[in-house]
Amino acid sequence: MALSGLALGIAVPAAAQFSDSYKFLESVKKKEADKVTDALNEPGTQIVNTRDITTGESALHIVTARRDLMWMQFLVGKGANVNIRDNKGTTPLVLACNLGYLEGVDFLISAGARVDEPNNTGETPLISAVHRRDVALVRALLKAGANPDRPDNSGRSARDYAALDGKGSTMLNELENAAKAKAANPAKKSYGPTF
């Protein structure tokens, strides 16, 4: 129809040329709350987890990148997948760690983000936090159960990267203290249902 319209010299409106997914992600980028809400309120829609075809970024990636906790909470409340990956395998949690965005990390963990989910290079959120030398992020991830010995694709773990700074490094001390605390207070085995 568009081609026949062009053949007849009739212009197709620019807005009609874009998919609903594209319009939704653009509205998220522009913080157009009314348009985003309208798109999410369409009956049976799954648009909240739509991804950009070129980058693979979802709406949750977009709002995490701009450090917008209110929009993150809104999208997760509307069903956004906290473990969705972009084309590089980056989850919103890895992205928040790369940015040093502690509030976002805390929120994503509380919303069910997997703390050991790596990107395509195998870098986990904890490895990212160690690279940043961000003690607060390291503590938050360890408290949530992040594994300091999970290796990336090069075979190095967060503990290995922390050790590169020397024995007395702050990052290595944090990892060792967390391991000692875990050994001193082993998790109790639970059998049967818990309520």
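What counts as what
Residues numbered from 1 in each chain as written. Predicted model: local features only at pLDDT ≥ 70, side-chain atom pairs only at ≥ 80, totals over all residues. Heavy atoms only, no water. UniProt positions renumbered as here; feature names shortened; annotations may be inferred. Helix = DSSP H or I, 4+ residues; strand = E, 2+ residues; numbered from the N terminus. Phe/Tyr/Trp six-rings, centres within 6.5 Å; stacked < 30°, edge-to-face > 60°. Buried < 20%, exposed > 50% of the residue type's maximum accessible area, 1.4 Å probe, protein only. Contact = heavy atoms within 4.5 Å. Polar contact = N/O pair within 3.5 Å; in protein donor to acceptor, adjacent residues only side chain to side chain. Core = buried A, V, L, I, M, F, W, Y, C linked by side-chain atoms within 4.5 Å. Domains from an automatic or database assignment. Salt bridge = Lys/Arg side-chain N within 4 Å of Asp/Glu carboxyl O.

1. What about the UniProt feature "repeat: ANK" (unreviewed entry) in the protein chain?
Next, step 1: As annotated in UniProt, the feature "repeat: ANK" (unreviewed entry) corresponds to residues 55-87, 88-120 and 121-153 in the numbering used here.
Next, step 2: Segment residues 121-153 splits into 52% helix and 0% strand. End C-alpha atoms: 6 Å apart.

2. Focus on the packing of aromatic side chains
Next, step 1: Within the structure shown, the criterion is met by 1 aromatic pair.
Next, step 2: Centroid distance Trp71 to Phe74: 6.2 Å. Interplanar angle 75 degrees. Geometry classified as edge-to-face. Taken together, the residues Trp71 and Phe74, both in helix H5 (residues 69-77) and 3 residues apart, mark about one turn of the helix.
Next, step 3: The exposure class of Phe74 is partly exposed, given its relative accessible area of 29%.

3. Brief notes about helix H9 (residues 135-143)
Next, step 1: Among all positions in H9, only Leu137, Val138, Ala140, Leu141 and Leu142 are buried.
Next, step 2: Looking at the packing, one finds that the buried side of H9 touches helix H6 (92-99), helix H7 (102-110), helix H8 (125-132) and helix H11 (170-184).
Next, step 3: The backbone nitrogen of Ala136 lies 3.3 Å from a side-chain oxygen of the residue at the head of H9, namely Asp134.
Next, step 4: In the stretch just after H9, Gly145 is the one whose phi turns positive, near 100 degrees.

4. Focus: the nonpolar core
Across soluble globular proteins, nonpolar side chains have a tendency to be buried as a group.
Next, step 1: One finds Phe24 and Leu108 to be the most contacted residues of the largest nonpolar core, which totals 42 residues.
Next, step 2: The residues that make up this core include at least three from each of domain 1 (19-88) and domain 2 (115-182).
Next, step 3: Those residues in contact with Phe24 that lie beyond four places of it in its chain are Val36, Ala39, Leu40, Ile47, Val48, Thr50, Ala59 and Leu75.

5. Notes on unusual backbone geometry
Next, step 1: Its identity is not glycine, yet Lys31 carries a phi of approximately 60 degrees, on the positive side.
Next, step 2: Among the secondary structure elements, Lys31 is positioned in the loop between helix H2 (20-29) and helix H3 (33-40).
Next, step 3: Of note in this structure, Arg67 is not a glycine but carries a positive phi near 60 degrees.
Next, step 4: Structurally, Arg67 is set in the loop between helix H4 (59-65) and H5.

6. With respect to the side chain of Asp134
Next, step 1: Along the chain, Asp134 turns up in the loop between H8 and H9.
Next, step 2: Within the structure, Asp134 has its side chain in polar contact with the backbone nitrogen of Ala136 (distance 3.3 Å).
Next, step 3: Ignoring anything within four residues of it in the chain, the contact list for Asp134 reads Gly100, Ala129 and Met171.

7. Observations concerning the pattern of salt bridges
Next, step 1: According to the stated counting rule, one finds 9 salt bridges in the structure shown.
Next, step 2: Across the salt bridge formed by Glu117 and Arg114, the nearest N and O atoms sit 3.0 Å from each other.
Next, step 3: Between Arg132 and Asp134 there is a salt bridge, with its nearest N and O atoms 3.9 Å apart.
Next, step 4: Taking the relative accessible area as the measure of exposure, Asp134 reaches 17% and is therefore buried.
Next, step 5: Salt bridges linked by common partners bring Arg85, Arg114 and Glu117 together as one network.

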